[in-house]
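Read off the chains here:
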Amino acid sequence: MAYSYNTIFSSLLKDERELSKKYADILLLSAKADIQSKLQYIQRSNNETVAMLLTEATGRGYKINW
């Protein structure tokens, strides 16, 4: 089965959005500062990766459905 790039990017954005919500929930429940710091670092890294991927995709002319 062939998937379009729009389907792949839309799925990626949906998954990233859900992951961000889960990280936020864990951060609220976490009392230890070192765990919060690590989770924030991971979340920022994920956000930056998705942003770079979307920038590259739009630069190549792909239409991304938000």
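Residues numbered from 1 in each chain as written. Predicted model: local features only at pLDDT ≥ 70, side-chain atom pairs only at ≥ 80, totals over all residues. Heavy atoms only, no water.

Visitor: Tell me about the overall build of the protein, residues and numbers included.
Guide: Of regular secondary structure, the protein possesses two helices and zero strands. C-alpha atoms of the protein, sized along the principal axes, occupy 45 × 25 × 20 Å. Sequence-distant contacts, at least 24 apart, represent 58% of the contacts inside the protein between residues at least 6 apart. Accessible surface for the protein amounts to roughly 5,300 Å². Of this, 58% is attributable to carbon and sulfur atoms. Each charge class in the protein was averaged separately, 9 positive and 7 negative side chains, and the resulting centres sit 2 Å apart. (Helix = DSSP H or I, 4+ residues; strand = E, 2+ residues; numbered from the N terminus. Contact = heavy atoms within 4.5 Å. Areas by Shrake-Rupley, 256 points an atom, 1.4 Å probe, with all protein chains shown as cover. Lys, Arg positive; Asp, Glu negative; His and termini not counted. Charge placed at Lys NZ, Arg CZ, Asp CG, Glu CD.)

Visitor: Before we move on, can you summarise the environment of Lys-38 with the specific residues and values?
Guide: Within the fold, Lys-38 resides in helix 2 (residues 33-59). The class of Lys-38 is exposed, set by a relative accessible area of 56%. Sequence separation of Lys-38 and Thr-7 is 31 residues, and the distance between their C-alpha atoms is 31 Å. (Buried < 20%, exposed > 50% of the residue type's maximum accessible area, 1.4 Å probe, protein only.)

Visitor: Any details on helix 2? Residues and values, ideally.
Guide: Taking 1.5 Å as the rise per residue, helix 2 with 27 residues should run 39 Å; its terminal C-alpha atoms sit 38 Å apart, in good agreement. When we look at burial in helix 2, the residues that qualify are Leu-39, Gln-43, Val-50, Leu-54 and Ala-57. Looking at the buried side of helix 2, the elements it contacts are helix 1 (5-29). Backbone geometry just downstream of helix 2 places Gly-61 in the positive-phi region, at approximately 95°. (Expected span 1.5 Å × (residues − 1).)

Visitor: Could you give an account of helix 1, naming the residues involved and the relevant values?
Guide: The first and last C-alpha atoms of helix 1 sit 36 Å apart over 25 residues, in line with the 36 Å expected at 1.5 Å per residue. Buried within helix 1 we find Phe-9, Leu-13, Glu-16, Ser-20, Tyr-23 and Leu-27. Among the structural elements, helix 2 are those in contact with the buried residues of helix 1.

Visitor: Describe the packing of helix 1 against helix 2, with residues and values.
Guide: Look at helix 1 against helix 2: their axes get within 10 Å of each other, and the N-to-C directions meet at 165°. As far as their axial angle goes, helix 2 and helix 1 are roughly antiparallel. Classified by chirality, the crossing of helix 2 by helix 1 is left-handed. Across the interface between the two elements, Phe-9, Leu-12, Leu-13, Glu-16, Leu-19, Ser-20, Tyr-23, Ile-26 and Leu-27 from helix 1 touch Gln-36, Leu-39, Gln-40, Ile-42, Gln-43, Asn-46, Asn-47, Val-50, Leu-53, Leu-54 and Ala-57 from helix 2. When the residues that make up the contact of helix 1 with helix 2 are grouped by side-chain class, the tally is 13 nonpolar, six polar and one charged. (Axes fitted to C-alpha atoms, helices over the stretch in contact; angles between N-to-C directions. Parallel < 35°, antiparallel > 145°, perpendicular 65-115°, else oblique. Left-handed = near helix turned anticlockwise from the far one by under 90°. Nonpolar A, V, L, I, M, F, W, Y, C, P; charged D, E, K, R; others polar.)

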